[in-house]
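# Coordinates in review
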Amino acid sequence: SAVISQKPSRDICQRGTSLTIQCQVDSQVTMMFWYRQQPGQSLTLIATANQGSEATYESGFVIDKFPISRPNLTFSTLTVSNMSPEDSSIYLCSVEVYFGSVAGKNTEAFFGQGTRLTVV
Amino acid sequence: GIQVEQSPPDLILQEGANSTLRCNFSDSVNNLQWFHQNPWGQLINLFYIPSGTKQNGRLSATTVATERYSLLYISSSQTTDSGVYFCAARRDTGNQFYFGTGTSLTVIP
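Residues numbered from 1 in each chain as written. Chains lettered and ligands numbered in written order. Predicted model: local features only at pLDDT ≥ 70, side-chain atom pairs only at ≥ 80, totals over all residues. Heavy atoms only, no water.

As a further point, take the sheet that holds strand β1 (residues 4–7) of chain B. All names here are of chain B. The strand order across the open sheet built from five strands is β1-β3-β8-β7-β6, with neighbouring strands paired in antiparallel fashion. Of all the strands in the sheet, just β1 and β6 (52–56) have a single pairing partner and so form its edges. Along the sheet, successive strands turn relative to each other by an average axial angle of 15°, direction set aside. Alignment of β1 against strand β3 (residues 19–25), held across four bridges, turns out to be antiparallel. Of the residues in β3, the one forming a bridge with Ser 7 is Arg 22. (Pairing = 2+ DSSP bridges. Helix = DSSP H or I, 4+ residues; strand = E, 2+ residues; numbered from the N terminus. Axes fitted to C-alpha atoms, helices over the stretch in contact; angles between N-to-C directions.)

Here the focus is the side chain of Asp 87 of chain A. Mapped onto the elements, Asp 87 of chain A comes out in the loop between β8 (75–80) and β9 (89–98). Residues contacting Asp 87 of chain A, with those up to four places away along its chain left out, are Lys 65, Phe 66, Val 80, Ser 81, Asn 82, Leu 117 and Val 119 of chain A. (Contact = heavy atoms within 4.5 Å.)

Further remarks concern the sheet that holds strand β3 (residues 19–25) of chain A. All names here are of chain A. One open sheet holds the four strands; their spatial order is β1-β3-β8-β7, and the pairing between them is antiparallel. Here the strands that pair on one side only, and so sit at the sheet edges, are β1 (4–7) and β7 (68–72). Within this sheet the neighbouring strands show an average axis-to-axis angle of 15°, counted without direction. Where β7 and β8 come together, three bridges link them in antiparallel fashion. The partner of Ser 69 across the bridge, within β8, is Thr 77.

Residues and elements named next belong to chain A. Along the chain, Ser 88 turns up in the loop between β8 and β9. Separated by 52 residues in sequence, Ser 88 and Arg 36 place their C-alpha atoms 9.5 Å apart. When neighbours within four sequence positions are excluded, Ser 88 is seen to be in contact with Pro 39, Leu 117, Thr 118 and Val 119. At 2.9 Å, the side chain of Ser 88 forms a polar contact with the backbone oxygen of Pro 85. (Polar contact = N/O pair within 3.5 Å; in protein donor to acceptor, adjacent residues only side chain to side chain.)

Counted under the stated rule, the structure contains nine aromatic pairs over all chains. Between Tyr 35 of chain A and Phe 99 of chain B, the ring centres sit 5.6 Å apart and the planes meet at 75°, which makes this aromatic pair edge-to-face. You can see Tyr 35 of chain A sitting in strand β4 (residues 31–37) and its partner Phe 99 of chain B sitting in strand β10 (residues 98–99), one on each of two chains. An aromatic cluster of at least three residues, connected via ring pairs, comprises Tyr 35 and Phe 111 of chain A together with Phe 35, Phe 86, Phe 97 and Phe 99 of chain B. Directly above the ring of Phe 97 of chain B sits Arg 90 of chain B, whose terminal nitrogen or CZ lies 5.1 Å from the centroid. (Phe/Tyr/Trp six-rings, centres within 6.5 Å; stacked < 30°, edge-to-face > 60°. Lys NZ or Arg CZ within 6 Å of the ring centre and 35° of its normal.)

See the structure below:
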């Protein structure tokens, strides 16, 4: 398993400002994932962060709005820039842990506690 | 991507009742997981179950990969079981996880 510490757990921010969310994992992982969950909705992948390379963004998400850092194998940050009320969501980081005897085949996803962001 | 559909969308149970939640997915998968999201937003791992049956206390899950569905059974429900249950599926390692729309469960005393 993996223990993921995410902070802040919640914040209320003024529109036009930026918030940086931190995600710390208790073991080294190759990829870290950032998700958004809008109110009453399911989770949507924002981007995948690999250490030492640019993050890969999903359709509808851009680096200028959601810059990501991945300075080492246990840490990542997601910034929500120039916020508007539409950015009010829960943001979650996730990692995948390999297990089993078949290399690369068995992975289980684990999530941080989430950051509940409200933009006013 | 993979289409993941969950049913029912909402469920209200009396404490002590049993329930079955269903997850249908549109493609073959090598990873299927069930999560419980508590009222604070945290996603808690319940089962990693791309195929077969697993049990953990009052919860059990079965995935029939050839028919592309998974079931989550909750027996003797408790108020602490309330929250949203998500299933998520992925076709292959390194590919994106696709989440279902969730089942919102309310257990009343």
